[in-house]
Amino acid sequence: MMLALEMYRSPAKFLAAKAMGSRIPAILTGPAAPLRLVTIDEPKADREGWARIRPILSGICGSDLGMVTGHTKLYFSALVSLPFVPGHEIVGELLDDCEDLPKGTRVVMDSVLTCAARGVEPCESCSSGRTSLCDRITVGHVSPGLQTGFCQDTGGGWGNVMVAHRSQLYAVPEGLSDERAVLVEPLAGAVHTALRAKIEPGQSVLVSGAGAVGLFATLALRELTQAGRITVVAKHPKQRELARAFGASDVVAPDEVFRGVRRATGAFRLKPDLNAKEFLLGGVDVAVDAVGSKDSIDTVLRVTKAGGRVVLAGMPSTGADLSPVWFRELELTGTYASSREEPNGRPAFETALEMAQKAPLDGVVGARYPLYRWREALDHAQSAGRLGTVKVAFDVRAS
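On a predicted model such as this, the values are computed, not experimentally measured, just so you know.

Undergrad: Lay out the overall build of the chain with the relevant residues and their values.
TA: Tallying secondary structure elements over the chain gives 13 helices and 17 strands in all. By the compact-globule yardstick of 21 Å for 399 residues, the chain fits well, its C-alpha radius of gyration being 21 Å. Here the C-alpha coordinates of the chain stretch approximately 60 × 45 × 40 Å along the principal axes. Relative to its 399 residues, the chain shows a buried fraction of 57%. Pairs at least 24 apart in sequence give 70% of the contacts found in the chain among residues at least 6 apart. For the chain, the exposed area adds up to about 17,000 Å²; of that, 50% sits on carbon and sulfur atoms.

Written out as structure tokens, the structure is:
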């Protein structure tokens, strides 16, 4: 038996969160949260290539918060199996030998449950190394789940024990702290975003949002591409400080975006009738939305030049006006998780592990909580930017 936070199906709580969450935010991590601290059976690693892991630290991701607070689209309901233990950003210790990795090895995990993990013939995407696009995430000998942490069979990082397949695991180098290692999974996502953005040398880039997704995307864009000016939209002082440390050329507040991009690119600023949202003729070559909100997506679509590229790195939660996509012939690109073979020919996790060793990441994990303080942890994660925190994590060893 083990202690874990378990996500369960509750239509009543989902509707309560939708109805009252905007007016009473505390309800989202309180009475309306479909999450409970329970003692349950440990998941089993009874197939070849699988092993048990004891999580050490497990991060709280924006997708986790969206799930708990009812902001995640019902689109994803067919891709999970409830009840499940969340947590896909982990550093942990192997409790069993796992092929070439001996018991006791510290590991990080690529959370996507691909064909290899499910014991099925590789789909076209997995065969080509584009594992984030796996078409088999609901079949095989594992219950439906787009990732570990959204699957009934695997457990997740918000519990004392979980299981993973060898294809998901990467050994943590000696000397890399747990606080840095737990950031490898979101860093791998940022590597994927930066390389999917297809930045040409000298091109201008806007990153909208300076939470973990936006800050790590900024770091990866500066490290892995030859981008010219990178402008980051940041709301809070600590976010602005880190955006500059991670490679931003300029940092602007949300209400300064149009003015800042127009000044940097020489674009024309137009204001439609009846208080409709303004837009630019001209603008940045590439924009990355790292928030997923309607306002953020609307903004990046309106400040990207004709024929430019807009990359959606944050999980979209609400609708946006797609008029600029049609009128300015924008290329709209999504980025989800990461792949075993990125455009640079390497697994995103290998690149991310290297970045984790040298990037200025000290203090990025700003708070750690035991599992029994989960409501405090989620409240903190919801207000992380305002509180000067980038990443909140569960310290599972303290639970």
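Undergrad: Tell me about the pairing of strand S13 (residues 284-289), residues and numbers included.
TA: Here S13 lies mainly inside the structure; six of its six residues are buried. Sheet analysis places S13 next to strand S14 (residues 304-312), joined by five bridges and oriented parallel. When the sheet's bridge partners are listed, Val-286 is paired in S14 with Arg-309. In this fold, the crossover linking S13 to S14 by way of helix H10 (residues 294-302) has right-handed handedness.

Undergrad: Quick one: what's the story with unusual backbone geometry, residue by residue and with numbers?
TA: Here Leu-82 and Pro-83 are connected by a cis peptide whose omega angle stands at -5 degrees. With respect to the secondary-structure elements, Pro-83 resides in the loop between helix H2 (62-69) and strand S4 (90-94). You will see that Asn-275, though not glycine, has its phi angle at about 65 degrees, which is positive. Take Asn-275: it is sitting in the loop between strand S11 (268-270) and strand S12 (279-281).

Undergrad: Talk me through the UniProt feature "domain: Alcohol dehydrogenase-like C-terminal" (unreviewed entry) in the chain; I want residue IDs and the actual numbers.
TA: Listed under "domain: Alcohol dehydrogenase-like C-terminal" (unreviewed entry) in the UniProt record, and renumbered for this structure, are residues 212-346. With 33% helix and 24% strand, the stretch residues 212-346 has end C-alpha atoms that lie 23 Å from each other.

Undergrad: An account of the pattern of salt bridges is requested, with residue identities and associated values reported.
TA: Under the counting rule described, the total for this entry stands at 22 salt bridges. Between Glu-278 and Arg-269 there is a salt bridge, and its shortest N-O distance comes to 2.3 Å. In this structure Glu-278 comes out as buried when scored by relative accessible area, which is 17%. Using a relative accessible area of 36% as the deciding quantity, one classes Arg-269 as partly exposed. In this structure, the salt-bridge partner of Asp-395 is Arg-397, at a minimum N-O distance of 3.4 Å. Here the salt bridges share partners, and the residues they tie into one network are Arg-106, Asp-178, Asp-395 and Arg-397.

Undergrad: Please provide a residue-by-residue account of the sheet that holds strand S8 (residues 205-208), values included.
TA: Taken together, six strands build an open sheet; the order of strands is S10-S9-S8-S13-S14-S15 and the sheet is parallel. Looking at which strands have only one partner, the edges of the open sheet turn out to be strand S10 (250-252) and strand S15 (331-334). Across the sheet, the mean angle separating the axes of adjacent strands is 20 degrees when strand polarity is ignored.

Undergrad: So, the side chain of Arg-166: which residues are in play, and what are the values?
TA: For Arg-166, the location among the structural elements is in the loop between strand S6 (162-165) and strand S7 (169-171). Here the side chain of Arg-166 touches Asp-100 through a polar contact of 2.7 Å, side chain to side chain.

Undergrad: Lay out empty space enclosed by the protein with the relevant residues and their values.
TA: This structure, assessed with the given rule, holds one cavity of 30 Å³ or more. Looking at the lining of the largest cavity element by element, the count peaks at three residues for helix H9 (residues 257-265). Class assignment for the residues of the lining of the largest cavity results in four nonpolar, three polar and one charged.

Undergrad: Explain the nonpolar core to me, and be specific about the residues and the numbers.
TA: Generally speaking, nonpolar side chains in soluble globular proteins are found buried as a group. Judged by nonpolar contacts, the single largest core of 53 residues is most densely connected at Val-108, Leu-187, Val-205, Phe-216, Leu-221 and Leu-361. Those elements that place two or more of their residues in this core are strand S3 (50-59), helix H6 (184-196), S8, helix H7 (212-224), strand S9 (230-233), helix H8 (237-245), S13 and helix H12 (348-358). Sort the elements by how many residues they give to this core and H6 lands first, with seven residues. When sequence neighbours within four positions are dropped, the list of residues in contact with Leu-361 reads Arg-180, Leu-183, Leu-187, Phe-216, Leu-219, Phe-246, Met-355 and Ala-356. Grouped together as the second largest cluster of nonpolar side chains are 36 residues, Met-2, Ala-33, Val-80 and Val-85 included.

Undergrad: Which residues make up the pairing of strand S16 (residues 365-369), and what are the values?
TA: As paired elements, S16 and strand S17 (residues 391-395) share four bridges and run parallel to each other. Each bridged residue has a counterpart across the sheet, and for Arg-368 the counterpart in S17 is Ala-393. You can see the chain leave S16, run along helix H13 (residues 374-382) and come back into S17, and the turn it takes is right-handed.

Undergrad: Explain the packing of H6 against H12 to me, using residue names and the numbers behind them.
TA: Taken N-terminus to C-terminus, the directions of H6 and H12 make an angle of 115 degrees; their axes are 8 Å apart at the nearest point. Of the two possible hands of crossing, H6 and H12 adopt the one that is right-handed. Here Val-184, Glu-185, Leu-187, Ala-188 and Val-191 of H6 come into contact with H12, specifically with Ala-348, Phe-349, Thr-351, Ala-352, Leu-353, Met-355 and Ala-356. Residues belonging to the contact of H6 with H12 are distributed by class as follows: ten nonpolar, one polar and one charged.

About the thresholds
- Residues numbered from 1 in each chain as written.
- Predicted model: local features only at pLDDT ≥ 70, side-chain atom pairs only at ≥ 80, totals over all residues.
- Heavy atoms only, no water.
- Helix = DSSP H or I, 4+ residues; strand = E, 2+ residues; numbered from the N terminus.
- Rg over C-alpha atoms; globule rule 2.2 N^0.38 Å.
- Buried < 20%, exposed > 50% of the residue type's maximum accessible area, 1.4 Å probe, protein only.
- Contact = heavy atoms within 4.5 Å.
- Areas by Shrake-Rupley, 256 points an atom, 1.4 Å probe, with all protein chains shown as cover.
- Pairing = 2+ DSSP bridges.
- Right-handed = clockwise from strand over helix to strand, strands pointing away.
- UniProt positions renumbered as here; feature names shortened; annotations may be inferred.
- Salt bridge = Lys/Arg side-chain N within 4 Å of Asp/Glu carboxyl O.
- Axes fitted to C-alpha atoms, helices over the stretch in contact; angles between N-to-C directions.
- Polar contact = N/O pair within 3.5 Å; in protein donor to acceptor, adjacent residues only side chain to side chain.
- 1 Å grid on protein atoms, 1.4 Å probe; cavity = no way out; pocket = protein on both sides within 12 Å on 5 of 7 lines; lining within 4 Å.
- Points joined across faces, edges and corners; volume = space filled by probe spheres on them.
- Nonpolar A, V, L, I, M, F, W, Y, C, P; charged D, E, K, R; others polar.
- Core = buried A, V, L, I, M, F, W, Y, C linked by side-chain atoms within 4.5 Å.
- Left-handed = near helix turned anticlockwise from the far one by under 90°.

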